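For reference, the chains in residue letters:
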Amino acid sequence: MTHVLSAVAWPYANGPRHIGHVAGFGVPSDVYSRYMRMAGHDVLMVSGTDEHGTPILVQAEAEGITPRELVDKNNRIIVEDLVALGLSYDLFTRTTTRNHYAVAQELFATVHRNGYMVEQTTMGAISPSTGRTLPDRYIEGTCPICSYGSARGDQCDNCGNQLDPIDLIDPRSRINGETPQFVESQHFFLDLPALAEALGEWLHGRDAAGAWRPNVLKFSLNLLDDVRPRAMTRDIDWGIPVPLPGWEDQPNKRLYVWFDAVIGYLSASIEWARRSGDPEAWRQWWSTPSARSSYFMGKDNITFHSQIWPAELLGYNGRGARGGSAGEYGALELPTEVVSSEFLTMEGGKFSSSRGVVIYVRDFLSRYQPDALRYYIAVAGPENQDSDFTWDAFLRRTNDELVSTWGNLVNRTASMIAKNVGSIPSAGDLTDDDEALLAAVRGGFATVGSLIQGHRQKAAITEAMRLAGEANRYLAAQAPWQLKKTDPARMETVLHVAAQAVVDLNTLLSPFLPHSSSLVHRALGGEGEFQPMPVIAEVDDLDGGPAYPVITGDYSSAPAWEPRPIVPGTPVAAPSPIFTKLDESVVEEELARLRGDS
RNA sequence: GCCGCGGUAGCUCAGCCGGUCAGAGCAGGGGACUCAUAAUCCCUCGGUCGUGGGUUCGAGCCCCACCCGCGGCACCA
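Model, not experiment: these values are computed from the prediction. Within any chain, residue numbers begin from 1 and follow the written order of that chain's sequence. Chains and ligands are labelled sequentially in the order written, the chains with letters from A and the ligands with numbers from 1. For this predicted model, a pLDDT threshold of at least 70 governs which residues receive local features, and a threshold of 80 or more governs which side-chain atom pairs are given and counted, while totals over whole chains, interfaces and linings are taken from all residues. Only heavy atoms go into the side-chain values, all of them from the structure, while hydrogens and water stay out.

**Overview of the nonpolar core**
This is how it is decided: To form a nonpolar core, buried Ala, Val, Leu, Ile, Met, Phe, Trp, Tyr and Cys residues must be joined to one another through side-chain atoms within 4.5 Å. Remark: exposure states derive from per-residue accessible area (1.4 Å probe, protein chains only) relative to the maximum for the residue type, with buried under 20%, exposed over 50%, and partly exposed in between. An automatic or database domain assignment supplies the residue ranges for each domain. We call two residues in contact when some of their heavy atoms are within 4.5 Å.
Counting residues in hydrophobic clusters, the biggest one holds 173 residues, and the most contacted among them are Leu-266, Trp-286, Phe-364, Phe-389, Trp-391 and Trp-406. For this core, the domains that each give at least three residues are domain 1 (3-134 + 180-341) and domain 2 (400-529 + 568-588). Among all residues touching Phe-364, those that are not within four sequence positions of it are Ile-19, Ile-359, Leu-373, Phe-389, Trp-391 and Phe-394.

So, in structure tokens, the structure goes:
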């Protein structure tokens, strides 16, 4: 048994999340975590909402509410959506807790003390009316190269050239139109060059271990070719105060949102431990070299997880060129794996909230089953390359695969048993065909399990579904509905074998389809829930801040990743369908909705 | 421009270290069956594996060049 940290990317709280987001970090991390628990590992799955940064301020202003009101609102929406999807977080918290503030400040202070946080003066744009940093992308003006009138500060969308906002002609703020001021400002920079060698050692070690996806590793190694110090503070009044004399009381100096966001993995682990009654419990995942940690995210986050976060940890541990010593938490383990997904597109194009090309998780789940979405993401998601979500493909995957292949297998098996026996039948002598099916399904525990552990979930669920197909073929070949008249004893044996196959296939599919796994479980005479599910708990801040909702759960009842022998005589009632078949018309309905027709 | 990814049957894609690797699902055509949400099962049509070279006894799989599509290029979360 190993301690396994499932570190899941933190959804940004400037709005609700769409299905592309949960395809990138949500479903893959939950499948992995559920499987690892079933395989007997001690899993700690943590995340939360990321609530600092300029876009939060911009959105709050647009809605005419305070940043705090905005993040409170979106935190709750996101929490509800992730629970509805069945994501089994041990703790899903947020970055505005006092605990998180304290942990982030401890990291910053120690990295600073060790000499990896260096103060520099920079020229940057601020909004004259608010005094806040104006990120490059929030400045627009006329492109000095092609004279395009709406070039962004970081790049011109017309000619594609990278720009420096100070070169823009007639620059203006995209937030409120005012002319930005370019002023000198003091900031702290994470000294990546001083940590580059240690980062390289770590990355090459990960390379040698061989578990990372090649593109993630290559991208990360490329980053090392050109490391520069990177600013970890901002001129902004929303965020975590800089914990240094002369800085902590300045209302317009705050930690950079990404500096504290990645620290969330640690602060959430600590918060989980404090709430568990053993405040030191988090060390089993963070201070133990034999522990594993897997970080799940979309590809846009790779930089922060394969460079910034490990650099923060190395700086904290005092493991860079300047030496140093670890802070009060002691030396902390770097990521074992950075598991990055590519992007999900929508009907051939990028998701775009502003253009309405988007499906929010909430809207999706209001019309379709969560396991249908989970299935689609697992089997057709952006695991290794960008993949496209289309309603047509969703309909086909749901109807032809979930409903017809798997749901129907469960239904026909339970139905025949209920009608002809009324309980799980016992088996007579097994034929070669019987043994072959049982052996194939039993073999799935090794093959499907290792594929999930290797983050090849598409192949894993495809293999599980292939085995379901074998069970369907078995039934067609054995034709128990004919044996009913000719050889009732043999019919019972066949139904016994089929029931055993269904029960074990249900176990194999349950990390992907946790909601329906309980329905299948009960369809064959089981009781209660098969896969434990997350819950929302309203909790008080541990250190006196405002109360907030968290996702948590007791997953100790997770079933073991192994065959479960069925018990003859267990009553089986006539089943009702597990999955809802979709009408062809939903494709056109949803496309109309996307176009804004409704 | 630089870096990376992809280009395999009508569609979506598998093909790890080169040698039954020319595959799967869906769509199309034909048939079987009736337990099951008209679900299931069988058979079948279909590809010179982007292009041109090269290495090799042998290459979707390695090397070079080119064409096409996509993503990233940092203070943006």
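The structure having been displayed, the exposition proceeds.
**Observations regarding helix H16 (residues 488-509)**
Short version of the rule: Numbering goes from the N terminus for both helices and strands, where a helix is a DSSP run of H or I of at least four residues and a strand is a run of E of at least two. A helix's residues, less one, multiplied by 1.5 Å, set its expected span.
Between the first and last C-alpha of H16 there are 31 Å, a value that for 22 residues agrees with the 32 Å anticipated at 1.5 Å per step. Judged by how many residues are buried, H16 sits mostly within the fold: 19 of 22 residues are covered.

**Observations regarding the pairing of strand E2 (residues 42-49)**
Test applied: One requirement defines pairing of two strands: DSSP has to find at least two bridges between them.
Of all eight residues in E2, seven are buried, a share of seventy percent or more. When strand E1 (residues 3-8) meets E2, the two strands line up parallel, connected through five bridges. Across the sheet, residue Ala-7 finds its bridge partner in E2, namely Val-46.

**Some details on the packing of helix H13 (residues 432-453) against H16**
For clarity, the cut-off: Lines are fitted to the C-alpha atoms to define the axes, a helix being fitted only along its stretch in contact, and any angle between axes, read from their N-to-C directions, falls within 0 to 180 degrees. Comment on the angle field: the value is read as roughly parallel under 35 degrees, roughly antiparallel over 145, roughly perpendicular from 65 to 115, and oblique elsewhere.
The N-to-C vectors of H13 and H16 enclose an angle of 5 degrees; their axes lie 10 Å apart at closest approach. In terms of their interaxial angle, H13 and H16 are classed as roughly parallel. Touching Asp-434, Leu-437, Leu-438, Val-441, Gly-444, Phe-445 and Val-448 of H13 are Arg-490, Thr-493, Val-497, Gln-500, Ala-501, Asp-504, Leu-505, Thr-507 and Leu-508, all from H16.

**Re the packing of helix H2 (residues 54-63) against helix H3 (residues 67-84)**
Keep this limit in mind: Amino acids are sorted into nonpolar (Ala, Val, Leu, Ile, Met, Phe, Trp, Tyr, Cys and Pro), charged (Asp, Glu, Lys and Arg) and polar (every other residue, Gly among them).
In contact at an axis separation of 8 Å, H2 and H3 are set at 95 degrees when each is read in the N-to-C sense. If you check the angle between H2 and H3, you find them roughly perpendicular. Between H2, through Ile-56, Leu-57, Gln-59, Ala-60 and Glu-63, and H3, the contact on the second element is made entirely by Pro-67, Leu-70, Val-71 and Lys-73. Its residues assigned to classes, the contact of H2 with H3 shows six nonpolar, one polar and two charged.

**A few points about the pairing of strand E13 (residues 337-341)**
Spelled out, the test is: With the strands aimed away from the viewer, a crossover counts as right-handed if its path from the first strand over the helix to the second runs clockwise.
Within E13, five of the five residues are buried, which leaves the element mostly enclosed by the surrounding structure. Where strand E12 (residues 292-298) meets E13, five bridges bridge the pair, whose relative direction is parallel. The residue bridging Ser-294 from the neighbouring strand is Glu-337, located in E13. The parallel pair E12 and E13, bridged by helix H9 (residues 302-317), forms a crossover whose chirality is right-handed.

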